[in-house]
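Chain residues, written in single-letter form:
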Amino acid sequence: MINDNDVISTLEELEAFVLAVESGGMGLNNVAGLALATNNSNGRPFVAVLDDNQQLLLGRWVSGDVFENGKDIVRYGPRKH
């Protein structure tokens, strides 16, 4: 499920989203990972929250800049400040 009104447009917003998912703040069960992906029908990039069967639990659209530059945040987690 992707809500068209929620677009992550900065790396800071991506970090906050990842932290919210990792801390359980999104209320999701059975979270196994995160991935950056593109929609098959229109090529639009999004961040996906996946369960242990690689099924989509939650998705948020991301800007092209976040898709290109946020890969390490999704792969390794947010930077420690």
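Conventions adopted
- Residues numbered from 1 in each chain as written.
- Predicted model: local features only at pLDDT ≥ 70, side-chain atom pairs only at ≥ 80, totals over all residues.
- Heavy atoms only, no water.
- Helix = DSSP H or I, 4+ residues; strand = E, 2+ residues; numbered from the N terminus.
- Buried < 20%, exposed > 50% of the residue type's maximum accessible area, 1.4 Å probe, protein only.
- Polar contact = N/O pair within 3.5 Å; in protein donor to acceptor, adjacent residues only side chain to side chain.
- Contact = heavy atoms within 4.5 Å.

Peer 1: Help me understand the environment of W61 in this model?
Peer 2: As for its placement among the helices and strands, W61 is situated in strand β4 (residues 56-62). For W61, a relative accessible area of 5% corresponds to the buried category. Considering only alpha carbons, one finds W61 and T38, 23 residues apart in sequence, at a separation of 9.2 Å.

Peer 1: Would you take a moment to explain the side chain of D51 for this structure?
Peer 2: Summarising the element assignment, D51 is placed in strand β3 (residues 45-51). Engagement of the side chain of D51 in a polar contact is seen with the backbone nitrogen of N53, the distance being 2.9 Å. A distance of 2.9 Å separates a polar side-chain atom of D51 from the backbone nitrogen of Q55. Excluding residues that lie within four positions of it along the chain, D51 makes contacts with N30, A32 and L57.

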